[in-house]
Amino acid sequence: MALPGIPSRARVSASGNMLAWTMFATGDSYARSSFSTRTSILDLRTGYLVKNIEQIPLTLGGRRHHAPDVNYWGVSFAADDNRFYATVSTGGRTHLVEGDMAAWSARALRENVECPSLSPDGTRLAFKKRVSDGPREPWRLYVYDLASGREHPVAERRGIDDQALWTDGETLAYGYGGGVWSVPADGTGTPRQLAAGASSPAVPG
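About the cut-offs
Residues numbered from 1 in each chain as written. Predicted model: local features only at pLDDT ≥ 70, side-chain atom pairs only at ≥ 80, totals over all residues. Heavy atoms only, no water. Pairing = 2+ DSSP bridges. Helix = DSSP H or I, 4+ residues; strand = E, 2+ residues; numbered from the N terminus. Axes fitted to C-alpha atoms, helices over the stretch in contact; angles between N-to-C directions. Core = buried A, V, L, I, M, F, W, Y, C linked by side-chain atoms within 4.5 Å. Buried < 20%, exposed > 50% of the residue type's maximum accessible area, 1.4 Å probe, protein only. Contact = heavy atoms within 4.5 Å. Salt bridge = Lys/Arg side-chain N within 4 Å of Asp/Glu carboxyl O.

### Description of the sheet that holds strand β4 (residues 48-50)
Next up, step 1: Pairing in this open sheet of 4 strands is antiparallel, and the strands run β1-β2-β3-β4 from one edge to the other. Edge strands, defined here as strands with exactly one partner in the open sheet, are β1 (7-12) and β4. Direction aside, the axes of adjacent strands within the sheet are offset by 15° on average.
Next up, step 2: Of the pairings in the sheet, the one linking β1 to strand β2 (residues 18-25) comprises 4 bridges and is antiparallel in character. The residue of β2 that forms the bridge with Val-12 is Leu-19.

This is the structure we're talking about:
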C-alpha cells in the first residue's frame, strides 16, 4: 500500500493480527500546531484497512464531538484485538481515548495523555505527559492505573518524546538522545542505557 510519508508510532497487537501506524503531515489549514496526523489500522486477518481513524465517532465530555481539528496518534492494542487506546488532539488539548473496533466508537477518558502504551496485563498505561509549555523537554513519562485512575512519574526525569514500550510487566524502554533506555515502571530505580545508536524499540514476537 502507498504511504504518503514515513510511518511512525507503529504498533502490532500481541497476536500479530492488528497493525497501526501514524503519518505526520503538514499544511492542513485547521492545524493549530505545525502538524496534523493520519493514523491507520490494518487487520491482517481480513486485509481490512482503516486509512484514517479520524472518522471514528468520538465521545468527549459525555457528548459526541465533531471538529475539523481532530487528530489521532499513538495507538496501543488490547489483547482482544478489538479495544485500543490512543491520543486524540482537538481544541488545543490532548486526550486519552479508548476505542472499540467492533462498535466503531471511541471515548475520551482523561486529558494530557500522549502516546499511550498498554501493559502486557492490560491494567496500566505508560504515556507522555506535558509538564511544561516551553520547547525544551516538555514531556515526562508517567504510568496510569486504569482501575484506580492514579498516575505516577517514572524515575526518568528527562523529556521523552517517544511511545514507551513495555519490555515486560515491570519495565519500560524508550528512545532518547540517540540511544534506547529502560526504567522501572513503578517509579523506582534509575534509567539505564540498553543500546547506543538506536531509537523507538520494539520487542520481537
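Okay, back to it.
### Details of the nonpolar core
Next up, step 1: Counting residues in hydrophobic clusters, the biggest one holds 18 residues, and the most contacted among them are Ile-41, Ile-53, Tyr-72, Val-75, Phe-77, Phe-84 and Val-97.
Next up, step 2: Breaking this core down by element, the ones donating at least two residues are β2, β7 (71-77), β8 (83-90) and β10 (105-111).
Next up, step 3: With sequence-adjacent residues up to four places away left out, Ile-53 is seen in contact with Thr-39, Ile-41, Tyr-72, Val-75, Phe-84 and Trp-104.
Next up, step 4: The next biggest cluster of nonpolar side chains, apart from the first, holds 13 residues, and it includes Ala-126, Val-143, Val-154 and Leu-172.

### Some thoughts on the environment of Ala-198
Next up, step 1: Tracing the chain through its elements places Ala-198 in the segment after β18 (192-196).
Next up, step 2: Given the relative accessible area of 26%, Ala-198 is considered partly exposed.
Next up, step 3: Spatially, the C-alpha atom of Ala-198 lies 7.1 Å from that of Gly-175, the residues being 23 residues apart in sequence.
Next up, step 4: Those residues in contact with Ala-198, other than ones at most four positions away along the chain, are Gly-178, Gly-179 and Val-180.

### Topic: the pattern of salt bridges
Next up, step 1: Tallied over the entire structure, the rule returns 12 salt bridges.
Next up, step 2: Asp-43 is the partner of Arg-45 in a salt bridge, and the nearest nitrogen-oxygen pair spans 3.0 Å.
Next up, step 3: Across the salt bridge formed by Glu-151 and Lys-129, the nearest N and O atoms sit 2.5 Å from each other. Here the residue Glu-151 occupies a position in strand β14 (residues 151-153), and Lys-129 occupies one in strand β12 (residues 124-130), the gap between them amounting to 22 residues.
Next up, step 4: Classification of Glu-151 as partly exposed rests on a relative accessible area of 25%.
Next up, step 5: Here the salt bridges do not stand alone but share partners, grouping Arg-9, Glu-114, Lys-128, Asp-161 and Asp-162 into one network.

### Description of the pairing of strand β3 (residues 36-43)
In the case of a regular strand, side chains alternate between the two sheet surfaces.
Next up, step 1: Judged by how many residues are buried, β3 sits mostly within the fold: 7 of 8 residues are covered.
Next up, step 2: As paired strands, β2 and β3 are joined by 8 bridges and run antiparallel to one another. Considered in β3, the bridge of Met-23 is made with Arg-38.
Next up, step 3: Note that β3 and β4 share 3 bridges and pair antiparallel.

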